[in-house]
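Secondary and tertiary structure notes
This is what each chain is made of:
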Amino acid sequence: TGVEQDSNVFTNLTPGDHFIMVHHKNGCIDATDTFTIDRIDPLTISIDLGGLNEIVATVTGGSGVYRYSVNGQDIGSDNKYIYFRSGDYTVTVTDSNGCSVSATKYFEFIDIKIPNVFTPNGSGTNDSWKPTNTENYPDIKFVVYDRYGREVGTFGSGQSWDGKYNGTELPMGDYWYVLKLKHNQDDREFVGHFTLYR
């Protein structure tokens, strides 16, 4: 079905194959080559919590490759973003046609936890000491010292202290730590102590 109009601008065409017939006032009629109008659903976005302190954007519609930004900062084609502070986050997606849509939501930052006690007695519970909620800190480093300042171990991501020094169980008491997060967006350092109970 054709629609006759005076303008050379056509809007709201249905998806599928089309061609345009041009009628000249002298009676000549000619047709364009056939062209296809792709079906493009409206671009939508929703954002939710993924892993620990991770925003995940879910996008439908639009066309082509999506690009994301968080609070105006371009993060490329990755739909996941790790945040380091509580607050409102606005995620914007732009498709290959330049269409954009945004969603804003408040996300609470879950900080690392540093245990103040552990019981390395082989019970299977609380048998080693390490900070938790650290999965977003791949370069984390912590050093454990005894009460005399002797270094009893240096640990990195995924590691923990078992209460031993050179394979020998150390006595009950207080031990000290220096913890460095070593992340370009969160380079905090912590110093404190915890208690080993047997």
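My aim in this report is to walk through the structure given alongside it, one point at a time. (Residues numbered from 1 in each chain as written. Predicted model: local features only at pLDDT ≥ 70, side-chain atom pairs only at ≥ 80, totals over all residues. Heavy atoms only, no water.)

**Points about the overall build of the chain**
Tallying secondary structure elements over the chain gives zero helices and 18 strands in all. In terms of overall size, the chain is more extended than a compact globule, its C-alpha atoms giving a radius of gyration of 30 Å where 198 residues would be expected to give roughly 16 Å. By principal-axis analysis of the C-alpha atoms, the chain measures approximately 105 × 30 × 20 Å. Counting across all 198 residues of the chain, residues that qualify as buried make up 30%. (Helix = DSSP H or I, 4+ residues; strand = E, 2+ residues; numbered from the N terminus. Rg over C-alpha atoms; globule rule 2.2 N^0.38 Å. Buried < 20%, exposed > 50% of the residue type's maximum accessible area, 1.4 Å probe, protein only.)

**Notes on the nonpolar core**
Core analysis: the largest hydrophobic core is formed by 34 residues, its most contacted members being I45, I47, I55, V91, V144, W161 and F194. Discounting residues that sit within four places of it in the chain, V144 has contacts with W129, R150, E151, V152, G153, F155, W161, Y175, W176 and F194. (Core = buried A, V, L, I, M, F, W, Y, C linked by side-chain atoms within 4.5 Å. Contact = heavy atoms within 4.5 Å.)

**A closer look at the pattern of salt bridges**
In the structure shown here, the tally under the stated rule is six salt bridges. Among the salt bridges present, the one from R150 reaches D146, with a minimum N-O distance of 2.9 Å. Across the pair R188 and D186 runs a salt bridge, and its minimum N-O distance is 2.8 Å. (Salt bridge = Lys/Arg side-chain N within 4 Å of Asp/Glu carboxyl O.)

**Points about the sheet that holds strand β7 (residues 67-70)**
The four strands are arranged β8-β7-β10-β11 in an open sheet whose pairing can be described as antiparallel. A strand with exactly one partner marks an edge of an open sheet, and here the two such strands are β8 (73-76) and β11 (100-107). Adjacent strand axes in the sheet meet at a mean angle of 25° when their direction is disregarded. For β7 and strand β10 (residues 87-94), the ladder comprises four bridges, and the chain directions are antiparallel. The residue bridging S69 from the neighbouring strand is T92, located in β10. (Pairing = 2+ DSSP bridges. Axes fitted to C-alpha atoms, helices over the stretch in contact; angles between N-to-C directions.)

**Description of the pairing of strand β17 (residues 173-180)**
Across five bridges, strand β13 (residues 141-145) lies against β17 in antiparallel orientation. Within the sheet, the bridge partner assigned to Y145 lies in β17 and is W176. The sheet contact formed by β17 and strand β18 (residues 189-196) spans eight bridges and is antiparallel. Paired with V178 across the two strands is V191, which belongs to β18.

**Considerations on the packing of aromatic side chains**
One pass over the structure, following the stated rule, counts 15 aromatic pairs. Relative to F107, the ring of Y89 lies with its centre 6.3 Å away and its plane at 65°, an arrangement referred to as edge-to-face. Of this pair, Y89 sits in strand β10 while F107 sits in strand β11, placing them 18 residues apart in sequence. Across this residue pair, the class does not change: Y89 and F107 are buried. Arranged with centres 5.3 Å apart and planes meeting at 35°, the rings of W129 and Y177 form a pair that is tilted. A residue pair is termed long-range when its members are at least 10 positions apart, and W129 in the loop between β12 (117-118) and β13 and Y177 in strand β17 qualify at 48 residues. Exposure remark for W129: the relative accessible area of 1% places this residue in the buried category. What links up through ring pairs into an aromatic cluster is the set F118, W129, F142, F155, W161, Y175, Y177 and F194. Between the NZ or CZ atom of R150 and the centre of the ring of Y165, over which it lies, the distance is 4.5 Å. (Phe/Tyr/Trp six-rings, centres within 6.5 Å; stacked < 30°, edge-to-face > 60°. Lys NZ or Arg CZ within 6 Å of the ring centre and 35° of its normal.)

**Digging into the side chain of E54**
Positionally, E54 belongs in strand β6 (residues 54-60). Polar contacts involving the side chain of E54 include one to the main-chain amide nitrogen of G51, which spans 2.7 Å. With near-sequence residues (within four places) excluded, E54 lies in contact with D48, L49, K80, Y81, I82 and Y83. (Polar contact = N/O pair within 3.5 Å; in protein donor to acceptor, adjacent residues only side chain to side chain.)

**Looking at the sheet that holds strand β5 (residues 44-49)**
Strand order in the open sheet made by the three strands is β5-β6-β9, with antiparallel pairing throughout. The sheet terminates laterally at β5 and β9 (80-82), the two strands that pair on one side only. Between one strand axis and the next, the sheet turns by 20° as a mean value, whatever way the strands run. Here β6 runs beside β9; their pairing, made up of three bridges, is antiparallel. Note on β9: the bridge partner recorded for V56 is K80.

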